[in-house]
Structure formats: C-alpha cells, structure tokens
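# Architecture at a glance
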Amino acid sequence: MGPSIGGNDFEKYAVAVIIVFGALIIGGLMAASLTLGHRNGFLYALGGATSAWISGNALLLDRPRIYAIFVGIAALMLIASTITLIA
C-alpha cells in the first residue's frame, strides 16, 4: 500500500503548503522590518530566507545533515528577527 498503488500525493501537497506559508512568514517579517525601520530585523529575516533556500537545495541533493543544519540556522535567524521587532 505505497504511494504508487493508492496514488496518494499528500507529501507533495504538504511540502507545497510548508513552502508557501514559510515564504509568507519570512516575507512578512521582511516587510514588517522594512516598514518599521528595523534594519537588523530585515537582515536577520533575509539571512533566514537564504538559509531556508540553501536547505531546500540540500534536501534536493539528499544531504539530510546539511538540511537540518540550515533549517536550524534559518529558525534562529527568524527568531532573532522577531525579537528585534518586539524589542
């Protein structure tokens, strides 16, 4: 009962949803930082977006450790961007 028998493409849809909402969150952080004049918050969000992009490439190249490292870096940078907006 693998994906070839039932034709379940739930994984593709799940990845698409994750990508779209991730892009909305990162884009929203960048826009909020620009609007409020927080240069550091914008740069953290830009770094998080770049790390997320690199992690996507690592996933395509089947490098799970590199993927995990860059997802962690992206998460830390996006948390830092959020903190600069709050503080």
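Just so it is clear, the model here is predicted, and its values are computed rather than measured. Numbering of residues starts from 1 in each chain and follows the order in which that chain's sequence is written. Where totals are concerned, whole chains, interfaces and linings use all residues; where local detail is concerned, this predicted model gives features only for residues with pLDDT of at least 70, and gives and counts side-chain atom pairs only at 80 or more. As a rule here, side-chain values come from all non-hydrogen atoms in the structure, and water together with hydrogens is ignored.

Moving on: the overall build of the protein chain. Looking only at helices and strands, the protein chain has four helices and zero strands in total. Secondary structure elements follow DSSP: runs of H or I no shorter than four residues count as helices, runs of E no shorter than two count as strands, and numbering proceeds from the N terminus. When its helices and strands are written in sequence order, the protein chain yields α-α-α-α. Expressed as a percentage of its 87 residues, the buried residues of the protein chain come to 17%. In what follows, a contact means two residues having at least one pair of non-hydrogen atoms within 4.5 Å. A separation of at least 24 residues holds for 55% of the contacts in the protein chain among residues at least 6 apart in sequence. Using a 1.4 Å probe on the protein chains alone, a residue whose accessible area is under 20% of its type maximum counts as buried, one over 50% counts as exposed, and one in between counts as partly exposed.

Moving on, we get to the side chain of Ser 55. As for its placement among the helices and strands, Ser 55 is situated in helix 3 (residues 39-60). Look at Ser 55 and you get buried, because its relative accessible area is 5%. Residue contacts for Ser 55: discarding those within four places in its chain leaves Tyr 67, Phe 70 and Val 71.

What follows concerns the nonpolar core. One recurring pattern in soluble globular proteins is that nonpolar side chains are buried together. Ranked by size, the top nonpolar core spans five residues in total: Ile 26, Leu 29, Met 30, Ala 45 and Leu 78. Looking at which element gives the most residues to this core, the answer is helix 2 (residues 10-36), with three residues. Apart from the residues lying within four places of it in its own chain, the contact partners of Met 30 are Phe 42, Ala 45 and Leu 46. Here, the term nonpolar core denotes a set of buried Ala, Val, Leu, Ile, Met, Phe, Trp, Tyr and Cys residues that are joined through side-chain atoms within 4.5 Å.

Our focus in this paragraph is the layout of surface pockets. The distinction between a cavity and a pocket rests on a 1 Å grid over the protein atoms alone: a 1.4 Å probe fits inside a cavity but cannot get out, while a pocket stays open yet meets protein on both sides within 12 Å along at least five of seven lines, and a residue with an atom within 4 Å of a point counts as lining. Grid points are joined across faces, edges and corners, and a volume is the space filled by probe spheres set on the points. Here the largest pocket defines a volume of roughly 610 Å³. What lines the largest pocket is a set of 18 residues, and nearest its centre among them are Ile 18, Ile 19, Ala 52, Ser 55 and Gly 56. The set of elements that each furnish at least two residues to the lining of the largest pocket consists of helix 2, helix 3 and helix 4 (64-86). Ranked by residues supplied to the lining of the largest pocket, first place goes to helix 3 with seven residues. A breakdown of the residues in the lining of the largest pocket according to their chemical character gives 15 nonpolar, three polar and no charged. Each residue gets one of three labels, nonpolar for Ala, Val, Leu, Ile, Met, Phe, Trp, Tyr, Cys and Pro, charged for Asp, Glu, Lys and Arg, and polar for the others, Gly among them.

Let's shift gears to the environment of Ile 19. For Ile 19, the position within the fold is in helix 2. A residue is classified by how much of its surface remains accessible, and Ile 19, at 55% relative accessible area, is exposed.

Residues Val 20, Phe 21 and Leu 24 make up a contiguous nonpolar surface patch of roughly 320 Å² in combined accessible area. By relative accessible area, which is 56% here, Leu 24 ends up exposed. The residues that make up patches have over 30% relative accessible area and no salt bridge, and they are joined within 9 Å when like-charged or within 5 Å when they are Val, Leu, Ile, Met, Phe, Trp or Tyr. The Shrake-Rupley method, run with a 1.4 Å probe sphere, supplies the accessible areas, and residue values consider only the shown protein chains as cover. By convention in these notes, a salt bridge is any Lys or Arg side-chain nitrogen within 4 Å of a carboxyl oxygen on Asp or Glu.

Distances and angles like these do not, on their own, reveal function.
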